[in-house]
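# Observations on the three-dimensional arrangement
Now for the letters of each chain:
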Amino acid sequence: MNSLWCRRLACREIAGGTPAPQVYNRVRAVGHFARLNLEGAIDRVGVCERLMGEVKNFLRKMVGALGGRAVRKHIDGWLTAYADWRFDRRFGTETKPILELDQLDIDSENRDHGVHYQPTQTRPFNLLMSTLSLGKNATFVDLGSGMGRALMLASEYGFKRVVGVEYAKNLCEIANQNMAIYRRKTGSDAKIALLHLDAAKYAIQDSDTVFYLYNPFHDAVMRQVVENIHQSVLRAPRKVYIIYLNPLCRKVIEGHPGFEMIFEQLYHRSRFVVYSSIYLVRLQAEVDQLGRSRS
Ligand SMILES: C[S@@+](CC[C@H](N)C(=O)[O-])C[C@H]1O[C@@H](n2cnc3c(N)ncnc32)[C@H](O)[C@@H]1O
């Protein structure tokens, strides 16, 4: 307490008020109490501030993450649309238009089990292919190949052979023109074959290893095609892969004992699922081994 206060208290005592030491002690007690309270309050404010800081940091991170994801999604969308727009402009091909079933020239009993024409999106396909790297010595077969965009894209990944199977005559004609234009423009010498055929009737070759399906048909044809691939693996045991984009009939493959899912990924809006006959090949090897050890 400063000297001015002491002097004032002494004056009060002389004037007949409360004795100075008592007043002094009370004032000290009040001061002490006030200081404690103030320190407590400051402490509490400190704790609150720290807490608020933590909350703010947390919210900032959340907003950053959400914002980041949204921005990434937008950028992905733009890049995907740009790559599709650029594909036909770059090569002078025509793969972009979406054609409904009634715009397709189809002569097949499976006509109504088919899905309209829509091309694979370039960027998601390239992202998938660079992730899987299946190219070496493999044959890529697009069942329901439309105007041939997936065939041209696949031809860049070192496949030994690329085959397209399409049941719509007008799409086959466009695909043939596209291949010629593409070859001329890129100087590509990739072996690409186009078959005007119903996919259910395609005779699977022992050398066929990668089957590409962009949601081409519904359950009935899907069942037939999966069984054809399975029979081919039983005949000539080997690892085959089924790449299924927009897998609406995935239950058909997942319910089949010959295939197991080995990969699933969503690239922008394109969901790819990859199945393999690895399990069957392993089983076959074990049976062979058992046979050898018995004999
Ligand atoms: C979604 S488009 C995919 C086109 C192409 N695969 C691509 O990724 O660019 C499906 C294609 O499958 C064809 N399709 C549907 N059923 C078929 C069948 N049973 N046999 C052959 N092609 C079929 C349609 O005509 C259409 O061109």
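Residues numbered from 1 in each chain as written. Predicted model: local features only at pLDDT ≥ 70, side-chain atom pairs only at ≥ 80, totals over all residues.

### Regarding helix α3 (residues 122-132)
Listed as buried for α3 are Thr122, Arg123, Pro124, Phe125 and Met129. Serine 133 sits one or two residues past α3 and shows a positive phi near 40 degrees. (Buried ≥ 20, exposed ≤ 12 C-beta atoms within 10 Å, placed from the backbone. Helix = DSSP H or I, 4+ residues; strand = E, 2+ residues; numbered from the N terminus.)

### Looking at the environment of arginine 183
Position of arginine 183 among the secondary structure elements: in helix α5 (residues 169-186). For arginine 183, a count of 16 C-beta atoms within 10 Å translates into the label partly exposed. For the pair arginine 183 and phenylalanine 91, spaced 92 residues apart in sequence, the C-alpha separation works out to 9.2 Å.

### A short note on the environment of lysine 185
Looking at the secondary structure, you find lysine 185 in helix α5. Counting along the chain gives 93 residues from lysine 185 to glycine 92, while the straight-line C-alpha distance between them is 8.2 Å.

### Let's talk about the site of the ligand
As a matter of local geometry, the ligand sits amid 27 residues, with Gly114, Thr120, Gly144, Gly146 and Pro216 nearest to it. Counting residues per element, the ones that place at least two in the shell around the ligand are α4 (149-154) and β2 (161-166). By residue class, the composition of the shell around the ligand is 15 nonpolar, eight polar and four charged. (Near = placed C-beta within 6 Å. Nonpolar A, V, L, I, M, F, W, Y, C, P; charged D, E, K, R; others polar.)

### Looking at the sheet that holds strand β3 (residues 192-196)
With mixed pairing, the seven strands of this open sheet are ordered in space as β3-β2-β1-β4-β5-β7-β6. Each end of this open sheet is capped by a strand with a single partner; those strands are β3 and β6 (260-267). Going from strand to strand, the sheet's axes swing by 15 degrees on average, the running direction of each strand aside. By the bridge criterion, seven bridges tie β6 to strand β7 (residues 270-276) in an arrangement that is antiparallel. Counterpart to glutamine 265 in the pairing with β7 is phenylalanine 272. Against the sheet, α3 engages β6 and β7, with an angle of about 140 degrees to β6. (Pairing = 2+ DSSP bridges. Axes fitted to C-alpha atoms, helices over the stretch in contact; angles between N-to-C directions. Contact = placed C-beta atoms within 7 Å.)

### Comments concerning the pairing of β2
Two faces make up the sheet, and in a regular strand the side chains alternate between them. In terms of burial, β2 is largely enclosed, as five of its six residues are buried. With five bridges connecting them, strand β1 (residues 139-143) and β2 associate as parallel partners. Each residue of the ladder has a partner; that of phenylalanine 140, found in β2, is valine 162. Handedness of the β-α-β unit built from β1, α4 and β2 comes out right-handed. Judged from the five bridges that link them, β2 and β3 form a sheet pairing that is parallel. (Right-handed = clockwise from strand over helix to strand, strands pointing away.)

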